[in-house]
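An overview of the molecular structure
What follows is the residue order along each chain.
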Amino acid sequence: MPDSPRVRLCVPTLMTATTLVVDPVANEVVARTAVGATPFGITASPDGEAVYVANFHDGTLSVLDSGTWGVTATIPVGRGPGGVAAAPDGKRLYVTNYNGDDVSVVETASLRVVRTIPVGANPGNPAVSPDGRRLYVTNFEGHDVSVVDTATDTVTAVIPTGVNPNGVAVAPDGARVYVTNSANSGGTSGVSVIETATNTVLATLPAEPGPFGVVVTPDGGRCYVTSYYTDVVVVIDTADGDVEAAIGVGRNPENLAISPDGRHVYVTNRESDDISVISTETDTVVSTVPLGASPGGIAVCVTGRHP
């Protein structure tokens, strides 16, 4: 009889070239895997069989097996890979290359780059629509979002946003995309709400200084946004754009992930070297997981194969 599925959090640590595997129930690190230099972006395959880590200074993507947490392959990609997203069917990965102004398309069956897609200036993070037909890429210095048709691997639209767009999340129904504008180069921080049917910005929601990461709840009703400079996570009602809560977390929060049931949001805090676990029922921090190293991205992996 197979093991029941379990949730693990996978967190690359920037300065140690390591990916940590965290049990969010026991609140402890259960595995450590050496990867490439300056790992940051990370995602899990939809079936939970593998985890993919983008190594910024190596120009590579590490492939981890979730049964052993060992590295099974290292794939050369582009210059300065910083973000990675998986297609819903798991057949492709999209890796943003910050220093190459492009996206590497990786075929998971062959573990090789099959296409390189030029996008905007300094692409930061990718997100795939629920139907897998569109890829949205934030261009940090281009101040816009590239929309890629995944059937043709071509950019079909470029959407101006705020200054320094970074985090990106697609609503579960695919109708809207939420983009954080960190405004590191000046201007006003905010969250751009993109209507996917028209590729236009419907609204720009106010945010705390330095918005970085964003996730949307499974019902699409709320989004959670980290504020790097004020050490909070802001909760936004997606129906009216109102801020429902500002939750104090660790120092310099960056990235977020949400549990499959939507009950918890996990936040990486760069300078306090830990993860804040937020209950979405109470919008409070219910636990803190010490990491002992500066975290980059974070991914939720659901599988019955790991210990």
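Going by the structure above, here's the rest.
The paragraphs below set out a description of the structure included in this document. Please read these numbers as outputs of a predicted model, since none were measured by experiment. (Residues numbered from 1 in each chain as written. Predicted model: local features only at pLDDT ≥ 70, side-chain atom pairs only at ≥ 80, totals over all residues. Heavy atoms only, no water.)

1. Observations concerning the overall build of the protein
Within the protein, the secondary structure is distributed over zero helices and 28 strands. A globule of 307 residues ought to have a C-alpha radius of gyration of about 19 Å, and the protein, at 17 Å, matches this closely. Scored against the burial criterion, the 307 residues of the protein give a buried share of 60%. Partitioning the intrachain contacts of the protein with sequence separation of at least 6 by distance along the chain shows that 40% fall at a separation of at least 24. (Helix = DSSP H or I, 4+ residues; strand = E, 2+ residues; numbered from the N terminus. Rg over C-alpha atoms; globule rule 2.2 N^0.38 Å. Buried < 20%, exposed > 50% of the residue type's maximum accessible area, 1.4 Å probe, protein only. Contact = heavy atoms within 4.5 Å.)

2. What about the pattern of salt bridges?
On inspection of all chains with the given rule, the structure shows eight salt bridges. Of the charged contacts in the structure, one is a salt bridge between Arg 263 and Glu 281, with a shortest N-O distance of 3.5 Å. Of this pair, Arg 263 sits in the loop between β24 (253-258) and β25 (264-269) while Glu 281 is found in the loop between β26 (274-279) and β27 (284-290), placing the two residues 18 residues apart along the sequence. You can call Glu 281 exposed: its relative accessible area is 61%. Via salt bridges that share partners, Arg 92, Arg 115 and Asp 153 belong to a single interconnected network. (Salt bridge = Lys/Arg side-chain N within 4 Å of Asp/Glu carboxyl O.)

3. Quick notes on the packing of aromatic side chains
If you walk through the whole model with that rule in mind, you get three aromatic pairs. Between Phe 56 and Tyr 98, the ring centres sit 6.4 Å apart and the planes meet at 50°, which makes this aromatic pair tilted. Here Phe 56 is found in the loop between β5 (50-55) and β6 (60-65), whereas its partner Tyr 98 is found in the loop between β9 (92-97) and β10 (102-107), with 42 residues between them in sequence. When its relative accessible area of 22% is taken as the criterion, Phe 56 is described as partly exposed. Centre to centre, the rings of Tyr 98 and Phe 140 are 6.5 Å apart; their planes meet at 50°, and the pair counts as tilted. (Phe/Tyr/Trp six-rings, centres within 6.5 Å; stacked < 30°, edge-to-face > 60°.)

4. Topic: the environment of Val 53
Mapped onto the secondary structure, Val 53 falls in strand β5. Residue classification places Val 53 among the buried residues on the basis of a relative accessible area of 0%. For Val 53 and Glu 141, which are 88 residues apart along the polypeptide, the C-alpha to C-alpha distance reads 23 Å. Not counting residues within four places of it along the chain, the set of residues in contact with Val 53 comprises Pro 12, Thr 19, Val 35, Pro 39, Gly 41, Ile 42, Thr 60, Leu 61, Ser 62 and Leu 64.

5. Points about the environment of Ala 50
With respect to the element layout, Ala 50 can be found in strand β5. With 93 residues separating them in the primary sequence, Ala 50 and His 143 have C-alpha atoms 32 Å apart. Contact partners of Ala 50, with chain neighbours within four places excluded, come to Ala 44, Ser 45, Val 63, Leu 64 and Ser 66.

6. Points about the side chain of Glu 254
Mapping Glu 254 onto the fold places it in strand β24. The buried category is assigned to Glu 254, whose relative accessible area is 4%.

7. So, the pairing of strand β17 (residues 176-181)
Counting buried positions over the six residues of β17 gives five, a clear majority of the element. Connecting the antiparallel pair strand β16 (residues 165-170) and β17 is a turn made up of five residues, with Gly 174 showing a positive phi of about 75°. Sheet topology note: the β17/strand β18 (residues 190-195) ladder contains six bridges and is antiparallel. Bridge assignment links Val 177 to a residue of β18, and that residue is Ile 194. (Pairing = 2+ DSSP bridges.)

No statement about biological role is implied by the geometric values presented.
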